[in-house]
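Understanding the architecture of this molecule
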Amino acid sequence: MPVILNHLTFTIFFPLLLMTGCRPLLPNEPRVPDWQSEQVLTHQFLTPALANLEAFFLTVRNILDPELSRAQPSKWGKPYPLGQCLEISKAVQQYLEQNGLSGLDGASAEGYTALIAFLRHGGSMRQVWGDLRGEYFQNAFLLGTLYVDVSNDTVVSTKPKVEILPLEQARFVPLEDYGHFARVAARYWQAHIFPNHIVPALAPYFPIITVVPGGNVRFQSVTNYMIALTQHGEFRPSEIALDAPLLSSDLFQLLTHCFPDFALDVAGNPAQGRDLALRHCQQYRAARWHRSNERRTWAINKVTEANHCLARITVNSA
């Protein structure tokens, strides 16, 4: 029978934030709250088995790759596995929850056995997302105090599929704010970043717009971590991002024309858009919407519709 890894907890919703010291551990945050105990368990169960752990995760990738490549042979015009670190991480997570030693032997089986022993003795494993070396947004796992990247080939396909490093060596850190997000997006996606002075009602949750020349235009960021960071900061991270120079008239007109029948009001001009966006941050904070899952869900649904509207255009330059 497959062994269900009940020790794996993948936090998603804001009310489930785990209090750690002076602030909560946000969903998918690449941080180890109880470093000392996790380090002891890591050294005891995982460090002696690093080669076997790598063999195990590589075996899982080799099992999953054919199905994943058939399900989505390309993303953003790039062939599998490029750009699919989230899809691969989720598939590996599901595999770990549903499968046991069946089909494993040798080093892979020993790696799986070490993983199970670590978890059964109280070690933790979480799927996380963050800034990898200032170059990429990356989905990976924190296994004790180890950085485990099961999708290491999703930016450069010739890299090894699996990378395991001590977290302190991996240079994998949480996003601090929207300025940090913008710096990584500019480097990783070659994106230009603008404040959301277009749809003010969405701005407290999604305060920036990424414009990738020759690619997509999107309100950002629809990730569990960034939304939770925004909520935990009571929309102040968004206020900082929104208190920015006005959009150019040409870009403002291009973007607002994408919303002829949108359910939410679109700003009439850039100055009005900025003023309303900042005012909405204050109003949402006063209404305590940063504590509301219902409003969070509403915002995600609306920004999904808004990004679908923006998908109608391609910006050649910004």
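The rules behind these values
- Sequence order as written defines residue numbering, which begins from 1 separately in each chain.
- In keeping with the model being predicted, local features are shown solely for residues with a pLDDT of at least 70 and side-chain atom pairs are shown and tallied solely at 80 or more, while totals for entire chains, interfaces and linings include all residues.
- The side-chain numbers reported here are obtained from all heavy atoms of the structure, hydrogens and water having been left aside.
- In DSSP terms, a helix is any run of H or I states spanning at least four residues, a strand is any run of E spanning at least two, and both are numbered starting from the N terminus.
- The globule rule used for comparison is 2.2 Å times the number of residues to the exponent 0.38, while the radius of gyration itself is calculated over C-alpha atoms.
- The buried label applies to any residue whose accessible area, calculated with a 1.4 Å probe on protein chains only, is under 20% of its type's maximum; exposed applies above 50%, and partly exposed to all values in between.
- Here a residue-residue contact requires only that any non-hydrogen atoms of the pair lie within 4.5 Å.
- Areas reported as accessible are Shrake-Rupley estimates using a 1.4 Å probe. Residue values count occlusion only from the protein chains shown.
- His is not counted, nor are the chain ends, whereas Lys and Arg count as positive and Asp and Glu as negative.
- A charge is said to be at NZ when it belongs to Lys, at CZ for Arg, at CG for Asp and at CD for Glu.
- Among the buried residues, those of types Ala, Val, Leu, Ile, Met, Phe, Trp, Tyr and Cys that are joined through side-chain atoms within 4.5 Å form a nonpolar core.
- Within 3.5 Å is the distance limit for a polar contact, defined as a pair of N or O atoms, with the added protein rule that one can donate a hydrogen and the other accept it, and that residues adjacent in sequence qualify only through two side-chain atoms.
- DSSP calls a pair of strands paired once it identifies at least 2 bridges connecting them.
- Only C-alpha atoms enter the line fits that serve as axes; for helices the fit covers just the stretch in contact. Angles between N-to-C directions range over 0 to 180 degrees.
- Here a cavity means grid points, on a 1 Å grid over the protein atoms only, where a 1.4 Å probe fits yet cannot get out; a pocket means an open set of points with protein on both sides within 12 Å along at least five of seven lines; lining residues are those with an atom within 4 Å of a point.
- Grid points are joined across faces, edges and corners, and a volume is the space filled by probe spheres set on the points.
- Three categories are distinguished: nonpolar for Ala, Val, Leu, Ile, Met, Phe, Trp, Tyr, Cys and Pro, charged for Asp, Glu, Lys and Arg, and polar for the others, with Gly belonging to the last.

**Here's the deal with the overall build of the protein**
Per the secondary structure count, the protein includes 11 helices and 12 strands. In terms of overall size, the protein behaves like a compact globule, its C-alpha atoms giving a radius of gyration of 21 Å where 318 residues would be expected to give roughly 20 Å. Its C-alpha atoms give the protein principal-axis dimensions of about 65 × 40 × 35 Å. Taking all 318 residues of the protein together, the buried fraction comes to 52%. In the protein, of all internal contacts separated by at least 6 residues, the share reaching a separation of at least 24 is 67%. Summed over all atoms, the accessible surface of the protein reaches about 14800 Å², with 53% contributed by carbon and sulfur. Here the protein contributes 26 positively and 27 negatively charged side chains, and the mean placements of these two sets differ by 4 Å.

**Some thoughts on the nonpolar core**
Looking at soluble globular proteins, one finds that nonpolar side chains tend to be buried together. In terms of nonpolar packing, the biggest core is built from 36 residues, with Ile198, Val199, Phe206, Val217, Phe219, Leu255 and Phe259 touching the most fellow members. Counting residues per element, this core draws most heavily on helix H11 (residues 293–310), at 6 residues. Excluding its chain neighbours within four sequence positions, the residues that come into contact with isoleucine 198 are Ile209, Phe219, Leu247, Phe252, Leu255, Thr256, Phe259, Asp265, Val266 and Ala267. Ranked by size, the runner-up nonpolar core spans 30 residues in total, among them Val92, Leu96, Met125 and Leu146.

**Details of the side chain of threonine 210**
Tracing the backbone through its elements, the reader meets threonine 210 in strand E11 (residues 208–211). The exposure class of threonine 210 is buried, given its relative accessible area of 1%. For threonine 210, the side chain forms a polar contact with the side chain of glutamine 220, separated by 3.1 Å. Beyond its immediate sequence surroundings of up to four residues, threonine 210 is in contact with Phe181, Trp189, Ala191, His192, Ile193, Asn216, Val217, Arg218 and Gln220.

**Examining the sheet that holds strand E8 (residues 163–166)**
The 5 strands lie next to each other as E8-E7-E6-E5-E9, forming an open sheet whose pairing is antiparallel. The two strands at the open ends of the sheet, each matched to only one other strand, are E8 and strand E9 (172–173). Pairing geometry for strand E5 (residues 125–132) and E9, over 2 bridges, is antiparallel. Bridge pairing in E9 places aspartate 131 opposite valine 173. Packing of helix H2 (residues 50–71) onto the sheet brings it into contact with E5, strand E6 (136–143), strand E7 (146–149) and E8, and relative to E8 it is tilted by some 145°.

**Quick word on empty space enclosed by the protein**
Rolled over the atoms, a probe sized like a water molecule indicates the empty space that remains. For the coordinates displayed, the defined rule picks out 1 cavity of 30 Å³ or more. Taken as a whole, the largest cavity holds about 60 Å³ of empty space. Lining of the largest cavity is provided by Leu132, Arg133, Tyr136, Gln138, Asp149, Asn152, Val155, Val156 and Lys159. Residues of the lining of the largest cavity, tallied by class, amount to 4 nonpolar, 2 polar and 3 charged.

**With respect to the sheet that holds strand E12 (residues 217–220)**
What the 3 strands build is an open sheet, ordered E10-E11-E12; its pairing is antiparallel. The open sheet has two edge strands, strand E10 (192–195) and E12, and neither has a second partner. Across the sheet, the axes of successive neighbouring strands diverge by a mean angle of 30°, strand direction being ignored. Here E10 runs beside E11; their pairing, made up of 4 bridges, is antiparallel. By the bridge assignment, proline 195 is partnered in E11 with isoleucine 208. Against the sheet, helix H6 (residues 178–189) contacts E10, E11 and E12, and its axis sits at roughly 5° relative to E11.

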